Amino acid sequence: MKKGQYKMRIGIKLILGFMSTVIIIAALGIFAYNSMGKINKGALDMRQHATEIGMIGKLQTLLAQVVMPANDYIITGDTKYRGEFQKISTELQEQIKKLESLKLTQEERQFFNEVRVNFEKVKEKANQIFDIDIQTINPHAARLMEEMDYQYAFPAIEEAEGLHIASRKHLEKEVHLADKLYQELNAATIAFVGLGALLAVLLGILISRSISRPIRKLSQAAMLVAEGDLTQTIEVKNKDESGDLAKSFNTMMLNLKEILSIVLGTSERVSSLSRQLSATTSTMDTTTEEVATAIGYINKGMDAQAERVEETVRVMKKMQALVELVAKSAGHLSEASIQSNRAA
């Protein structure tokens with residue numbers, strides 16, 4: 001591999017594709033988690049405002065009730081109404097503490113502070129009324145009662161109603177925002193899921209094509225080679241296993257061409273040698289025939305020579321017999337001559 005080049009293996013491509021899918025799913029999960037967090041926050045805000053509205057409603061009821069014992073005391077002079085006032089006043093104070101612990105808006109906090117201040121004034125005036133010994137109608141107690149009702153109690157109830165209206169508006173605003181957030185999140189979720197699915201599909205197609213296309217080209221080239229076309233080569237573009245396979249295929253084709261060239265050259269030489277051998281064999285056949293003919297002639301000559309030798313042998317035998325006969329005759333003649341000489 002040359003310096004600066006990087007081979008992205010098929011396994012790495014598959015891992016990258018898997019990791020991309022995991023990242024898309026994780027991003028979708030994070031988006032859904034954040035969306036659920038926003039929805040939960042909106043639901044908590046709405047629950048708080050619903051609780052707040054319920055507490056404000058109870059506060060309004062207690063504010064309307066807290067002045068009743070003082071009025072009844074002025075009318076009847078019965079001290080039992082002081083205990084009723086203390087009970088309602090204590091419950092109202094607890095309700096005020098609960099509302100004070102809530103997270104109120106600036107407008108709601110302003111209404112709440114006015115209610116609290118007016119309630120303190122109502123308590124003050126009510127205690128002044130209960131401190132008066134009521135035997136008959138007392139003008140001073142009546143004035144205190146009128147001052148408590150009109151200057152503090154009724155404004156406190158009105159301020160509580162304003163607090164109620166502000167809280168209800170805030171709740172309606174939260175509901176509207178939650179509905180809008182839900183619609184936006186729904187649309188964003190659909191878009192995000194669609195985009196994620198599209199990216200996953202596109203990524204899958206790209207990875208699949210980067211893997212399958214070179215293999216398909218290699219398969220087609222191999223089929224053509226199997227049919228006898230040895231001119232096939234594959235352009236190497238990928239730097240992965242398919243690119244290595246294409247390089248190996250091209251190298252194999254070059255080696256196959258070299259082997260085929262060697263085989264063809266050897267075949268031509270074998271054919272030439274075969275022709276030469278055929279010509280030599282033909283010449284040898286002719287020479288063999290000539291040799292056979294000469295051997296036939298020689299055999300005939302040898303047969304004739306043998307006959308001559310046999311004839312010569314017979315003649316020689318006859319000559320030997322004749323010589324032996326002549327020798328015998330000469331011997332007889334010599335004996336006869338000797339005997340003749342002796343006789344003479």
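Residues numbered from 1 in each chain as written. Predicted model: local features only at pLDDT ≥ 70, side-chain atom pairs only at ≥ 80, totals over all residues. Heavy atoms only, no water.

(A) The arrangement of the overall build of the protein in detail. Looking only at helices and strands, the protein has six helices and zero strands in total. Starting at the N terminus and ending at the C terminus, the protein contains elements arranged as α-α-α-α-α-α. Here the contacts in the protein between residues at least 6 apart in sequence split such that 76% fall between residues at least 24 apart. Carbon and sulfur atoms make up 61% of the accessible area of the protein, which totals about 23700 Å². (Helix = DSSP H or I, 4+ residues; strand = E, 2+ residues; numbered from the N terminus. Contact = heavy atoms within 4.5 Å. Areas by Shrake-Rupley, 256 points an atom, 1.4 Å probe, with all protein chains shown as cover.)

(B) Main features of the pattern of salt bridges. Under the definition given, this model contains five salt bridges. A salt bridge links R116 to E100, with the shortest nitrogen-to-oxygen separation between them at 2.8 Å. Of the two residues, R116 sits in helix α4 (residues 106–131) while E100 sits in helix α3 (residues 80–100), which places them 16 residues apart along the sequence. Exposure remark for E100: the relative accessible area of 37% places this residue in the partly exposed category. With a shortest N-O distance of 3.0 Å, E147 and K125 are connected by a salt bridge. (Salt bridge = Lys/Arg side-chain N within 4 Å of Asp/Glu carboxyl O. Buried < 20%, exposed > 50% of the residue type's maximum accessible area, 1.4 Å probe, protein only.)

(C) Expanded view of the packing of aromatic side chains. The final tally for this structure, using the stated rule, is three aromatic pairs. Between the aromatic rings of Y73 and F130, the centroid separation amounts to 5.1 Å while the plane-to-plane angle is 50°, which identifies the pairing as tilted. Linking Y73 in helix α2 (residues 68–76) with F130 in helix α4, this pair joins segments that are 57 residues apart in sequence. No difference in accessibility class separates Y73 from F130, as the two residues are buried. Ring centres of Y150 and F154 lie 5.1 Å apart, and the angle between their planes is 90°; on these two criteria the pair is classed as edge-to-face. Of the two residues, Y150 and F154 both sit in helix α5 (residues 139–226), four residues apart, roughly one turn of that helix. (Phe/Tyr/Trp six-rings, centres within 6.5 Å; stacked < 30°, edge-to-face > 60°.)

(D) Examining the nonpolar core more closely. L63, V66, L92, I129 and M148 are the most contacted members of the largest nonpolar core, which totals 36 residues. Looking at this core, the elements with two or more residues in it are α1 (10–66), α2, α3, α4 and α5. Among the elements that line this core, the one with the most residues is α5, at nine residues. Leave out the neighbours within four places in its chain, and M148 touches V67, A70, V122, K125, A126, I129 and A153. Core analysis: the second largest hydrophobic core is formed by six residues, L218, A221, I234 and M253 among them. (Core = buried A, V, L, I, M, F, W, Y, C linked by side-chain atoms within 4.5 Å.)

(E) Region of interest: the side chain of H170. Note on placement: H170 falls in helix α5. In this structure H170 comes out as buried when scored by relative accessible area, which is 18%. If near-sequence neighbours (up to four positions away) are discounted, H170 is found in contact with H49, T105 and E108.

(F) Here's a closer look at the layout of surface pockets. The computed volume of the second largest pocket comes to approximately 170 Å³. Lining the second largest pocket are K41, D45, Q48, H49, K103, L104, T105, H170 and E174. Elements with a contribution of two residues or more to the lining of the second largest pocket: α1 and α5. At four residues, the largest contribution of residues to the lining of the second largest pocket is made by α1. Among the residues making up the lining of the second largest pocket, the classes are represented as one nonpolar, four polar and four charged. (1 Å grid on protein atoms, 1.4 Å probe; cavity = no way out; pocket = protein on both sides within 12 Å on 5 of 7 lines; lining within 4 Å. Points joined across faces, edges and corners; volume = space filled by probe spheres on them. Nonpolar A, V, L, I, M, F, W, Y, C, P; charged D, E, K, R; others polar.)

(G) Highlighting α5. Its 88 residues place the ends of α5 124 Å apart at the C-alpha level, agreeing with the 130 Å of an ideal helix rising 1.5 Å per residue. The sharpest bend along α5 comes to roughly 35°, located at D149. (Expected span 1.5 Å × (residues − 1). Bend = angle between axes of the 7 residues up to and from the residue.)

(H) Region of interest: a nonpolar patch on the surface. A contiguous nonpolar patch, built from L195, L198, L199, V201, L202 and I205 and spanning about 530 Å² of accessible area, is present on the exposed surface. Looking at the secondary structure, you find L198 in helix α5. (Patch = residues over 30% accessible without salt bridge, like charges linked within 9 Å, V, L, I, M, F, W, Y side chains within 5 Å.)

(I) Layout of α2. P69, A70, N71, Y73 and I74 are the residues of α2 that are buried. Just beyond α2, the residue with positive phi is G77, at close to 75°.

(J) Main features of the confidence of the model for the protein. Mean pLDDT over the protein: 77, with 77% of residues reaching 70 or higher. When pLDDT is averaged over each element of the protein, α3 comes out on top at 90 and helix α6 (residues 241–343) at the bottom at 69. (pLDDT = per-residue confidence, 0-100.)

(K) Highlighting the environment of T90. Mapping T90 onto the fold places it in helix α3. Accessibility expressed as a relative area gives 39% for T90, which makes it partly exposed. In the structure, T90 is positioned 24 residues away from V66 in sequence and 9.9 Å away in space, judged by C-alpha atoms.

(L) Region of interest: the packing of α4 against α5. Running from N to C, α4 and α5 point in directions that differ by 160°, and their axes come no closer than 8 Å. Taken together, the axes of α4 and α5 are roughly antiparallel relative to one another. Between α4 and α5 lies a crossing of left-handed hand. Counted by class, the contact of α4 with α5 contains 17 nonpolar, six polar and seven charged residues. (Axes fitted to C-alpha atoms, helices over the stretch in contact; angles between N-to-C directions. Parallel < 35°, antiparallel > 145°, perpendicular 65-115°, else oblique. Left-handed = near helix turned anticlockwise from the far one by under 90°.)

(M) Quick look at the environment of E174. Residue placement: E174 occurs in helix α5. For E174, a relative accessible area of 13% gives the class buried. For the pair formed by E174 and D45, sequence separation is 129 residues and the distance between their alpha carbons is 7.2 Å. If sequence neighbours within four positions are ignored, E174 has contacts with D45, M46 and H49.

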